[in-house]
Amino acid sequence: MEGIQVLTQDFVNVHITKSDSEDAAPVERRFKKGINIHEFKTKLELVTGGSAATMKLQVFDKKNNFICDIDNDDALLGSYPIDDGMRIHVIDNFTLVKDFGESDSAERFRLSEEEYEKKGDTLRSFLQKNRLGKYNEEEMNKLKEQQQKELEEEAKIAEAVLVGARCEVRVPSQGVRRATVRYNGPLDGARGLWIGVQYDEPRGKNDGSVNGKRYFTCPPKYGGFVKPMYVTVGDFPVEEFDLDEEI
């Protein structure tokens, strides 16, 4: 919308819940504040199995207090009072997910981002094959265009992350970690681009290799691979850590 600017940080990390599984663990996702609510709902389709055309959205703060309804599809996500850690509750019938299998829906709410993408591909293939609801050929083409756009945006972010640069890694729910960029590029079997980092302390998951393929070399548990959006390059000096002081 003209005349509206997002003056805060470009992304927001929120928890997603849905009305047909109140007891399920929320899904944490990161969204650009510059997208409009219609685009936001479209992205939520892949998280919840609901329909952008019928879903209703509510905002709750960290103490679970109701804040507002998200009711203007043309407004920017950043125009609503949504901060990191808040919860977006999705109200819908979720009929497509129920047709695919309710147990699969509950399982996807507990999957990692990489596992979820694989499950999402299976769900989309099923829905396209059976021509259910909005998942017709036209909508699938729109989905492919959206995914391509997201990959292009990711590539632009990755261009600014140079190998050898110092950085901070801010993956949701994992705290801030300082590191050095060791790799920038694709990973076998994973979607999009990834940034390989060597952390300043042993808070990683590997030594620079994934599934038997080496992308860089570092000590065990000092390496990690994250999406470009979670990496901020800057003048971040190495912090001194006395690991003997920890229990």
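Every value quoted in this text rests on a predicted model; they were computed, and no experiment measured them.

### Comments concerning helix α1 (residues 37-48)
At step 1: Between its terminal C-alpha atoms α1 stretches 16 Å, which fits the 16 Å expected from 12 residues at 1.5 Å a residue.
At step 2: Most of α1 sits out of view: 10 of its 12 residues are buried.
At step 3: When α1 is considered as a whole, its buried residues turn out to be Ile37, Phe40, Lys41, Thr42, Lys43, Leu44, Glu45, Leu46, Val47 and Thr48.
At step 4: Taking the backbone nitrogen of His38 as reference, a side-chain oxygen 3.1 Å away marks Asn36 as the first, capping residue of α1.

### Thoughts on the pairing of strand β3 (residues 56-60)
At step 1: Two elements, β3 and strand β5 (residues 87-91), share five bridges in a ladder whose sense is antiparallel. Its bridge partner being in β5, Lys56 is matched across the sheet by Ile91.
At step 2: Of the strand pairs in this sheet, β3 and strand β4 (residues 66-70) are connected by four bridges, and their pairing is antiparallel. Bridge pairing in β4 links Phe60 to Phe66.

### Quick notes on the nonpolar core
At step 1: Of all hydrophobic cores here, the largest spans 22 residues; its most connected members are Ile16, Phe40, Ile70, Ile82 and Ile88.
At step 2: Listing elements by their share of this core, those giving two or more residues are β1 (11-18), β2 (27-32), α1, β3, β4 and β5.
At step 3: The leading source of residues in this core is α1, at four residues.
At step 4: The residues contacting Ile82, other than those within four sequence positions of it, are Val12, Val14, Lys33, Val59, Ile70, Leu77 and Ile88.
At step 5: Residues Val169, Ala179, Val181 and Tyr199 belong to the second largest nonpolar core, which totals 12 residues.

Procedures and definitions
Residues numbered from 1 in each chain as written. Predicted model: local features only at pLDDT ≥ 70, side-chain atom pairs only at ≥ 80, totals over all residues. Heavy atoms only, no water. Helix = DSSP H or I, 4+ residues; strand = E, 2+ residues; numbered from the N terminus. Expected span 1.5 Å × (residues − 1). Buried < 20%, exposed > 50% of the residue type's maximum accessible area, 1.4 Å probe, protein only. Polar contact = N/O pair within 3.5 Å; in protein donor to acceptor, adjacent residues only side chain to side chain. Pairing = 2+ DSSP bridges. Core = buried A, V, L, I, M, F, W, Y, C linked by side-chain atoms within 4.5 Å. Contact = heavy atoms within 4.5 Å.

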